[in-house]
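Each chain is listed here by its residues.
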Amino acid sequence: MSKYTKEDILRMVKEENVRFIRLQFTDLLGVIKNVEIPIGQLEKALDNKMMFDGSSIEGFVRIEESDMNLYPDLDTFMIFPWTSEKGKVARLICDIFMPDGNPFDGDPRGILKRVLKEMEDLGFSDFNIGPEPEFFLFKNDEKGEPTLELNDKGGYFDLAPTDLGENCRRDIVLELEDMGFEIEASHHEVAPGQHEIDFKYADAVSTCDNIQTFKLAVKTIARKHGLHATFMAKPLFGVNGSGMHANMSLFKDGENVFYDAKSETGLSETAMHFLAGILKHAQDFTAITNPTVNSYKRLVPGYEAPCYVAWSMQNRSPLIRIPASRGISTRIEVRSVDPTANPYLAMAVLLAAGLDGIKNKLNAPKPIDRNIYVMDKEEREAEGIKDLPATLKEALTLFSKNEVLTTALGAHATEHFIEAKEIEWDMFRTQVHPWEREQYMSMY
């Protein structure tokens, strides 16, 4: 059932004095794009007749096939609370279609919907996700450019006065609640300047829409406080990086199919197969869940981020943790994802990996309940624990050979994603970094 009709939206826009509409979508690299239209064009947009030039968007199409249509999802209508009284700005999140009326193969939101269709064909009704995105707040300089100066010295769950980000974080939470988010928790994270705001789980498409809206809100409100919010995976050496743990469960007719009251662990066979699928494909989906050169600076031992493929019920160091709640809250938490990931693509590959486990009735290895960080390589090998890729280059090579994941993304997105990321890797690889000069200028 749709939340809004076309008539509802035209009425709300009038009542609320909305002057501009942003038609939003996400490019292949996870960056939010928007086509802003005056209110006079809204009816045309609601009839799916707004076109834009797809050749100007990263990973979309070449110049000779550039016309594309925006199909707004009416349920995503939202008025931004921070816009002015003179005339508000609202947004609609759109799916991308070709002029012939077919969905565009490379639209990340469309890719996630394709994998969800496969899930429904297997008899499940919902893939629910509760994300935990972390971010850093840095001070801006007088020109409004971000510095590396943190705005607090707080630590995990600290309160003011050490946590100066608290006022900014409180404002973010209030604005998000105005926008209809159900905030579950908000607190200071482990590193100075680092914060986490968790919102209530929802179905996969809504969750990914929410992640994108969340990033936009956090950055906008931080700027009002003279701060720069970044979702970069590891902005500072020597402290924890930012993750975006994904808590996932499959539902069928309102029931959580990951829960089984009769099993010793409370986990169903379906949950164990799904878990086995995630573990099997973990090394290969890392290119999508951790898509920047910088992501791999976070996936190192010693800073709480996972770097080994294993699972556990109580241990916090492996890739997958099973939180203690059972019943409707039974879930699998994948801890490697970081907030630079394109959420639609990340959730699509996680779901594809889990469904592969279910289809092939894969068996999960035994849980690892001791601290993996203190094991040496031989001990890890004896336990069958593999390492996550150490660089973006290594991750891309693994991803490109995985048929389950490349099929989930489709040929268009796979090819353009790999091409864009290989360019990124090459720019990084050929750059001379300050560390190299510090190490070698005097020594040689």
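Just above, that's the structure.
Residues numbered from 1 in each chain as written. Predicted model: local features only at pLDDT ≥ 70, side-chain atom pairs only at ≥ 80, totals over all residues. Heavy atoms only, no water.

K.L.:
Break down unusual backbone geometry for me, citing the residues and quoting the values.
P.N.:
Phi at Asn17 takes a positive value of approximately 55°, unusual for a residue other than glycine. Along the chain, the position of Asn17 falls in the loop between α1 (6–15) and β1 (18–26). One non-glycine residue, Lys361, lies in positive phi territory at about 45°. For Lys361, the location among the structural elements is in the loop between α8 (343–359) and α9 (377–382). (Helix = DSSP H or I, 4+ residues; strand = E, 2+ residues; numbered from the N terminus.)

K.L.:
Summarise the packing of helix α4 (residues 166–178) against helix α5 (residues 204–224); cite the residues concerned and give the values.
P.N.:
Two numbers describe how α4 lies on α5: the axes approach to 9 Å, and their chain directions differ by 135°. Viewed along their axes, α4 and α5 adopt a mutual orientation that is oblique. Considering only the axes of α4 and α5, their crossing is right-handed. Along the contact surface, α4 presents Cys168, Asp171, Ile172, Glu175 and Leu176, while α5 presents Phe214, Ala217, Val218, Ile221, Ala222 and Lys224. Along the lines of polarity and charge, the residues of the contact of α4 with α5 split into 8 nonpolar, no polar and 3 charged. (Axes fitted to C-alpha atoms, helices over the stretch in contact; angles between N-to-C directions. Parallel < 35°, antiparallel > 145°, perpendicular 65-115°, else oblique. Left-handed = near helix turned anticlockwise from the far one by under 90°. Contact = heavy atoms within 4.5 Å. Nonpolar A, V, L, I, M, F, W, Y, C, P; charged D, E, K, R; others polar.)

K.L.:
A description of the pairing of strand β6 (residues 88–97) should follow, citing residues and the corresponding values.
P.N.:
Summarising burial for β6: 10 of the 10 residues are buried, a large majority. Residue alternation in β6 divides its side chains into two sets, Lys88, Ala90, Leu92, Cys94 and Ile96 and Val89, Arg91, Ile93, Asp95 and Phe97, and both sets are buried. Pairing of β1 with β6 involves 6 bridges; the strand directions are parallel. Bridge pairing in β6 places Gln24 opposite Ile93. (Buried < 20%, exposed > 50% of the residue type's maximum accessible area, 1.4 Å probe, protein only. Pairing = 2+ DSSP bridges.)

K.L.:
Before we move on, can you summarise the packing of aromatic side chains with the specific residues and values?
P.N.:
The description of two aromatic rings rests on the distance between their centres and on the angle between their planes. Counted according to the given criterion, the structure contains 15 aromatic pairs. A centroid spacing of 6.2 Å and a plane angle of 90° characterise the contact between Tyr4 and Phe77, whose relative ring orientation is edge-to-face. On the criterion of sequence distance, the pair formed by Tyr4 in the segment before α1 and Phe77 in the loop between β4 (67–72) and β5 (78–79) is long-range, its members being 73 residues apart. Plain terms: the ring middles of Tyr440 and Tyr444 are 6.1 Å apart, the flat faces sit at 45° to each other, and that makes the pair tilted. (Phe/Tyr/Trp six-rings, centres within 6.5 Å; stacked < 30°, edge-to-face > 60°.)

K.L.:
Outline the pattern of salt bridges, supporting the account with residue identities and numerical values.
P.N.:
Opposite charge on two side chains allows them to pair when their charged atoms are near. Taken as a whole and judged by the stated rule, the model has 20 salt bridges. With a closest N to O distance of 2.8 Å, Lys6 and Asp47 form a salt bridge. Placement of Lys6 in helix α1 and of Asp47 in the loop between α2 (42–46) and β3 (50–53) is noted, with a sequence separation of 41 residues between them. For the salt bridge of Arg11 with Glu15, the shortest nitrogen-to-oxygen distance reads 3.3 Å. (Salt bridge = Lys/Arg side-chain N within 4 Å of Asp/Glu carboxyl O.)

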